[in-house]
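Chains, contacts and geometry: an overview
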Amino acid sequence: MSQMSVRSVPGWAQACSSAFVPLRVRSAAQSFRASLNQHILSPDVSLTRVASGASEVYRSDQIIRENPRDDLLISLHRSGSGSVSQHGRQVKLVAGRATMYDASAPYVLSFPGRISEVVLQVPRRCLPMSRNAFADLTARPLPDGGPLRALTALATSAEADAAPGPLENAALADALMSLLRATLSSSSAVQPPQIDSELLVTAARQYIDEHLADPLLSPGRVADHHHISLRLLQKLFTRVGDSPVSYIRRRRLEHSRHLLLHGATVGQAATAVGFNDVDTFTRAFKRLYHELPSRVRPTGVHYRGELSYS
């Protein structure tokens, strides 16, 4: 167990960065005091009691780039008030409320006065959910119910124990993780309704067709847009005898041929379907159509610089 008490904002920033993840702290208070007591229960699980004066704690894009982490932090608020902001949302913190925030994305913790809370910290890999599921759950109140109340009671009693042994620590870590999983599973955000796979593939195809001009279009971006994992997207396309990568490539080249037939130059057609390099486009076009794009002769309406779908 480690204990720290500080009387300055820089000291608090250093203490929190050491105990949790690298971050910054601001405070308008003339006098500042804070403390934390941390129990490292296992290589993956830590439990920390925090008490601090008025402050704003934040983790920015720059800090994340310099110090990437995938930790999830679950705040079990005990006294005082505050808020957690992440992914464009803000949740108010009051005694008895719990929320989660993700160290891999920017967040702000705001405390207008003195507060105390217990923070459970675990790596994302310990919870079997997609990145989008975590994004949907952060900066929201965790569902109040039996699992959360049991989690809070166990965490609060555990952090008060001054010297648990290694076996007790391991058992406590397992129990906390089980209760955390039960708490998150009771949220509707991690129990989405069943999705019709054919409708999802249709929606993914439509999204791809509408973004062919974007050079950054990728299966990962398509999966993120539809709030599913890349693996699930690939599995759904496999069921219809295709793959996201091949569908994107094929549709790009089909539309480029459509544009060439309507008078677009090779450079215009390549750019209009997301190719930054004409040579790469030419090679891909030749592999599919067994001819160079420059050999396609225009027919029909002349190209006017807009992506026209066939």
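Scoring rules and cut-offs
- Residues numbered from 1 in each chain as written.
- Predicted model: local features only at pLDDT ≥ 70, side-chain atom pairs only at ≥ 80, totals over all residues.
- Heavy atoms only, no water.
- Helix = DSSP H or I, 4+ residues; strand = E, 2+ residues; numbered from the N terminus.
- Buried < 20%, exposed > 50% of the residue type's maximum accessible area, 1.4 Å probe, protein only.
- Pairing = 2+ DSSP bridges.
- Contact = heavy atoms within 4.5 Å.
- Polar contact = N/O pair within 3.5 Å; in protein donor to acceptor, adjacent residues only side chain to side chain.
- Axes fitted to C-alpha atoms, helices over the stretch in contact; angles between N-to-C directions.
- Parallel < 35°, antiparallel > 145°, perpendicular 65-115°, else oblique.
- Nonpolar A, V, L, I, M, F, W, Y, C, P; charged D, E, K, R; others polar.
- Phe/Tyr/Trp six-rings, centres within 6.5 Å; stacked < 30°, edge-to-face > 60°.
- Salt bridge = Lys/Arg side-chain N within 4 Å of Asp/Glu carboxyl O.

So, about unusual backbone geometry. Despite not being glycine, Ala-139 has its phi angle at roughly 55 degrees, a positive value. For Ala-139, the location among the structural elements is in the loop between helix H3 (131-137) and helix H4 (146-160). Phi is positive for His-290, close to 60 degrees, though the residue is something other than glycine. Summarising the element assignment, His-290 is placed in the segment after helix H11 (278-289). On the accessibility criterion, His-290 (68% relative accessible area) is exposed.

Of the strand pairs in this sheet, strand S7 (residues 82-86) and strand S8 (residues 89-93) are connected by 5 bridges, and their pairing is antiparallel. Bridged to Val-84 within S8 is Val-91. Hairpin connection, S7 to S8: the antiparallel pair is bridged by 2 residues, and His-87 has positive phi, about 55 degrees.

Attention now moves to helix H1 (residues 9-19). Within H1, the full set of buried residues consists of Val-9, Gly-11, Trp-12, Ala-13, Ala-15, Cys-16 and Ala-19. Where the residues of H1 are buried, they touch strand S1 (2-6), strand S2 (24-26), strand S3 (34-40), strand S4 (46-52) and strand S11 (115-123). With a side-chain oxygen positioned 3.0 Å from the backbone nitrogen of Gly-11, the residue opening H1 is Ser-8.

Here we come to the sheet that holds strand S9 (residues 98-102). Here we have 6 strands laid out as an open sheet, ordered S1-S3-S4-S11-S6-S9, and antiparallel in their pairing. The open sheet has two free edges, formed respectively by S1 and S9, since each of these has just one partner strand. The average angle at which neighbouring strand axes cross in this sheet is 20 degrees, direction not considered. One ladder, built from 7 bridges, connects S3 with S4; its direction is antiparallel. Looking at S4, one finds that Leu-36 is bridged to Val-50. Each of S1, S3, S4 and S11 is contacted by H1, which is oriented at about 10 degrees to S3, the strand it contacts most.

Among the 9 residues in strand S6 (residues 71-79), 7 count as buried, and that is most of the element. The sheet contact formed by S6 and S11 spans 8 bridges and is antiparallel. Following the sheet pairing, Ser-75 is matched in S11 by Val-119. Two strands pair when backbone bridges link them, and S6 and S9 are joined in this way by 5 bridges, in the antiparallel orientation. Within S9, the position partnered with Leu-76 by the bridge is Ala-98.

Angle between the axes and distance between the axes: these two values describe a pair of packed helices. With their axes 10 Å apart at the nearest point, helix H6 (residues 197-210) and helix H8 (residues 230-239) run at an angle of 105 degrees to one another. By the angle class used here, H6 and H8 are roughly perpendicular. Side by side, H6 and H8 meet where Ser-197, Leu-200, Val-201, Ala-204, Arg-205 and Ile-208 of the first sit next to Leu-233, Leu-236, Phe-237 and Arg-239 of the second. Residues that form the contact of H6 with H8 fall into these classes: 7 nonpolar, 1 polar and 2 charged.

An order of S2-S5-S10-S7-S8 is seen for the 5 strands of this open sheet, with the pairing classed as antiparallel. Unpaired on one side and paired on the other, S2 and S8 mark the two borders of the sheet. Averaged over neighbouring strand pairs, the angle between their axes works out to 15 degrees when direction is ignored. Both strand S5 (residues 55-59) and strand S10 (residues 107-111) contribute to a ladder of 5 bridges, which runs antiparallel. In the sheet register, Glu-56 faces S10, and the bridge partner there is Ser-110.

This model, assessed by the stated rule, comprises 6 aromatic pairs. Plain terms: the ring middles of Phe-281 and Phe-285 are 5.8 Å apart, the flat faces sit at 55 degrees to each other, and that makes the pair tilted. Taken together, the residues Phe-281 and Phe-285, both in helix H11 and 4 residues apart, mark about one turn of the helix. Of the residues examined, Phe-281 reaches a relative accessible area of 0% and is grouped as buried.

Moving on: the pattern of salt bridges. It is possible for side chains bearing opposite charge to pair when their charged atoms get close. The final tally for this structure, using the stated rule, is 10 salt bridges. For the salt bridge of Asp-102 with Arg-124, the shortest nitrogen-to-oxygen distance reads 2.9 Å. Here Asp-102, found in strand S9, pairs with Arg-124, found in the loop between S11 and H3; they are 22 residues apart in sequence, far enough to count as distant. On the basis of relative accessibility, which here comes to 3%, the residue Asp-102 falls in the buried class.

A few words on the packing of helix H9 (residues 244-261) against H11. Between H9 and H11, whose axes approach to 10 Å, the crossing angle comes to 95 degrees. By the angle between their directions, the pair H9 and H11 is classed as roughly perpendicular. Of H11, the residues touching H9 (which contributes Leu-253, Glu-254, Ser-256, Arg-257 and Leu-260) are Phe-281, Ala-284, Phe-285, Leu-288 and Tyr-289. Counted by class, the contact of H9 with H11 contains 7 nonpolar, 1 polar and 2 charged residues.

Geometric values such as these leave the question of function open.
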